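Structure at a glance
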Amino acid sequence: GDLPVGGMGCSASLIALDLARKLLRSPDQHNALALVVSTENITQNWYRGNDRTMLLSNCLFRCGAAAILLSNRRADRRRARFRLLHLVRTHLGKKDDCYRSVFQEEDEEGVRGVRLSKQIMQIAGD
């Protein structure tokens, strides 16, 4: 079945990859394939105002896509270019500084955009 992970930005890719990995490792799934397709479109969050702190997101984030085909079939082991060994996800959303590190809001003129905090690199590295 489908599990929508839309609206989560690039973090949805890791969630989808982890879900596909777990499905392929379940005892019910033998000789199975899982296709993970991830897209990001910043168009709806394009900032049209003049606040410099909010213009930065226009430079960093764009439109893009990636896909990966995962398999648990023995025959695919020889042909595989990569092997998924580890997948680590950390959720720090309950910490206020982490939650607000990338935040959609309006500027002083009422123009909606995404504000990036100065701590974003430190938070992303944690």
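Our subject is the structure listed above.
In this text, all values refer to a predicted model and were calculated from it rather than measured experimentally.

**Re the pairing of strand β3 (residues 102–106)**
- Relative to strand β4 (residues 112–116), β3 is paired through five bridges, and the arrangement is antiparallel. Residue Glu105 lies in a different strand from β4, and its bridge partner there is Gly113.
- Where β3 folds back onto β4 in an antiparallel hairpin, the turn is made up of five residues, including Gly110, whose phi is positive at roughly 85°.

**Considering unusual backbone geometry**
- Phi is positive for Asn31, close to 50°, though the residue is something other than glycine.
- Turning to its location among the elements, Asn31 is positioned in the loop between α1 (11–25) and β1 (33–40).
- Residue classification places Asn31 among the exposed positions, given a relative accessible area of 59%.

**Quick look at the nonpolar core**
- Ranked by size, the top nonpolar core spans nine residues in total: Ala16, Leu17, Ala20, Leu24, Ala32, Ala34, Val36, Leu70 and Leu87.
- Elements with a minimum of two residues in this core: α1 and β1.
- Considering every element that reaches this core, the biggest residue donor is α1, with four residues.
- Apart from residues lying up to four places away in sequence, Leu87 is in contact with Leu14, Leu17, Asp18 and Arg21.

**Topic: the pattern of salt bridges**
- Per the counting criterion, the structure on display carries six salt bridges.
- A salt bridge links Lys22 to Asp18; its shortest N-O distance comes to 3.3 Å. Residue Lys22 and its partner Asp18 are both found in helix α1; the two are separated by four residues, about one turn of the helix.
- Lys22 sits in the exposed class, given a relative accessible area of 52%.
- Residue Glu105 is joined to Arg115 by a salt bridge in which the shortest nitrogen-to-oxygen separation is 2.3 Å. Taken as a pair, Glu105 in strand β3 and Arg115 in strand β4 lie far apart in primary sequence, ten residues in all.

**Details of a nonpolar patch on the surface**
- A contiguous nonpolar surface patch, about 410 Å² in accessible area, is contributed by Leu33, Leu35, Val37 and Leu69.
- Tracing the backbone through its elements, the reader meets Leu33 in strand β1.
- Taking relative accessible area as the criterion, Leu33 reaches 43% and is therefore assigned partly exposed.

**What to know about the environment of Ile15**
- With respect to the element layout, Ile15 can be found in helix α1.
- Looking at Ile15, the relative accessible area reads 25%, which means it is partly exposed.
- Residues Ile15 and Ala66, spaced 51 residues apart in sequence, show a C-alpha to C-alpha distance of 14 Å.

**Considerations on the side chain of Arg21**
- In this fold, Arg21 is placed in helix α1.
- Here Arg21 is in contact with Leu70, Leu84 and Leu87, once residues within four sequence places are set aside.

**Regarding the environment of Ser13**
- Mapped onto the elements, Ser13 comes out in helix α1.
- Using a relative accessible area of 23% as the deciding quantity, one classes Ser13 as partly exposed.
- Separated by 40 residues in sequence, Ser13 and Thr53 have C-alpha atoms that sit 27 Å apart.

Definitions and limits used
- Residues numbered from 1 in each chain as written.
- Predicted model: local features only at pLDDT ≥ 70, side-chain atom pairs only at ≥ 80, totals over all residues.
- Heavy atoms only, no water.
- Pairing = 2+ DSSP bridges.
- Helix = DSSP H or I, 4+ residues; strand = E, 2+ residues; numbered from the N terminus.
- Buried < 20%, exposed > 50% of the residue type's maximum accessible area, 1.4 Å probe, protein only.
- Core = buried A, V, L, I, M, F, W, Y, C linked by side-chain atoms within 4.5 Å.
- Contact = heavy atoms within 4.5 Å.
- Salt bridge = Lys/Arg side-chain N within 4 Å of Asp/Glu carboxyl O.
- Patch = residues over 30% accessible without salt bridge, like charges linked within 9 Å, V, L, I, M, F, W, Y side chains within 5 Å.
- Areas by Shrake-Rupley, 256 points an atom, 1.4 Å probe, with all protein chains shown as cover.

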